[in-house]
Amino acid sequence: MRVLLIGPPASGKGTQGRRLAADFGVAYLSSGELLRAEVAAGTPLGQQVADDLACGDLVPDEVILDVLRPPLETALRSGGYLLDGFPRTVAQARALDEWASAVGGQPEAAVWFDVADDELLRRSRSRASIEGRADDVSAVARHRIDVYNAATAPLIDYYRQAGILIHIDAARPIDEVAAAVDAALAPFDVRAQ
Ligand code: AMP
């Protein structure tokens, strides 16, 4: 199973991604988690991207590619990937295509978690108080949504044209979203084949 999870911050793709990885036995890779780990460990790369993460700006395309390529190759060798938060720009999507066609790892589905901005802001406020994520406080959360709409939303058309887009109404309760995602991804579940 090779699946991309696309959606704005607080759309629930992380929650669903971790659950899917456990249920389907596929590696879950979150670009945001990988970057936060670099920042927490104080690596040179972490120091380079810390400000971008704190402000809710995207890190440069080549940086995220360098961080993701090794775990992505490992995941592909062991059966596939669930990619959360990458690609986030059309340039990253093209880079992923290039990498994927060289190694035989083309995504089979791009699941779009569709939630309106107002609901995202409401969720971000509650996540900021529960998880203490500094980039979920309201000004940064608003900025992250704006960055998503400007830089990442064009991927919806990109993957629609590629014929692999799956639309999920992710404004619903978690269990309803989970059922919709499971149904949509059933054709890619190798355990059933
Ligand atoms: P996330 O956990 O996916 O919401 O990502 C947290 C932060 O990490 C984002 O606000 C960006 O600063 C950075 N980030 C994560 N993924 C990417 C990506 N694919 N391209 C650029 N920046 C990213």
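Residues numbered from 1 in each chain as written. Predicted model: local features only at pLDDT ≥ 70, side-chain atom pairs only at ≥ 80, totals over all residues. Heavy atoms only, no water.

Right, let's talk about the packing of aromatic side chains for a bit. A full pass over the atoms with the stated rule returns two aromatic pairs. Judged by centre distance (6.4 Å) and plane angle (55°), the ring pair of Tyr81 and Trp99 falls under tilted. A residue pair is termed long-range when its members are at least 10 positions apart, and Tyr81 in strand S3 (residues 81-84) and Trp99 in helix H5 (residues 90-103) qualify at 18 residues. One exposure class covers both Tyr81 and Trp99, and it is buried. Aromatic pair Tyr158 and Tyr159: ring centres 5.0 Å apart, planes at 80°, arrangement edge-to-face. The exposure class assigned to Tyr159 is buried, which follows from its relative accessible area of 1%. (Phe/Tyr/Trp six-rings, centres within 6.5 Å; stacked < 30°, edge-to-face > 60°. Helix = DSSP H or I, 4+ residues; strand = E, 2+ residues; numbered from the N terminus. Buried < 20%, exposed > 50% of the residue type's maximum accessible area, 1.4 Å probe, protein only.)

Counting residues in hydrophobic clusters, the biggest one holds 28 residues, and the most contacted among them are Leu83, Leu96 and Tyr159. Secondary-structure elements contributing two or more residues to this core are strand S1 (2-6), helix H3 (44-55), helix H4 (61-77), S3, H5, strand S4 (109-114) and helix H8 (154-161). The element contributing the most residues to this core is H4, with seven residues. Listed in part, the 23 residues of the second largest apolar core include Val115, Ile168, Val177 and Val181. (Core = buried A, V, L, I, M, F, W, Y, C linked by side-chain atoms within 4.5 Å.)

Quick look at the sheet that holds strand S5 (residues 165-169) now. In a beta sheet, neighbouring strands pair by backbone hydrogen bonds and run either parallel or antiparallel. Taken in spatial order, the five strands line up as S2-S3-S1-S4-S5 in an open sheet, and their pairing is parallel. Looking at which strands have only one partner, the edges of the open sheet turn out to be strand S2 (27-30) and S5. Put simply, the sheet's adjacent strands are angled 20° from each other on average, direction ignored. Taken together, the four bridges between S1 and S4 define a ladder with parallel strand orientation. (Pairing = 2+ DSSP bridges. Axes fitted to C-alpha atoms, helices over the stretch in contact; angles between N-to-C directions.)

Under the definition given, this model contains two cavities of 30 Å³ or more. Within this model, the largest cavity holds a volume of roughly 50 Å³. Lining the largest cavity are Leu65, Leu68, Arg69, Leu72, Phe86, Ala95, Leu96 and Trp99. Of all the secondary-structure elements, those providing two or more residues to the lining of the largest cavity are H4 and H5. It is H4 that provides the largest number of residues to the lining of the largest cavity, a total of four residues. Here the lining of the largest cavity is built from residues that sort into seven nonpolar, no polar and one charged. Counted as a void, the second largest cavity has a volume near 30 Å³. Surrounding the second largest cavity, Leu5, Ile6, Gly7, Lys13, Gly85, Pro87, Arg88 and Thr152 form its lining. Here the lining of the second largest cavity is built from residues that sort into three nonpolar, three polar and two charged. (1 Å grid on protein atoms, 1.4 Å probe; cavity = no way out; pocket = protein on both sides within 12 Å on 5 of 7 lines; lining within 4 Å. Points joined across faces, edges and corners; volume = space filled by probe spheres on them. Nonpolar A, V, L, I, M, F, W, Y, C, P; charged D, E, K, R; others polar.)

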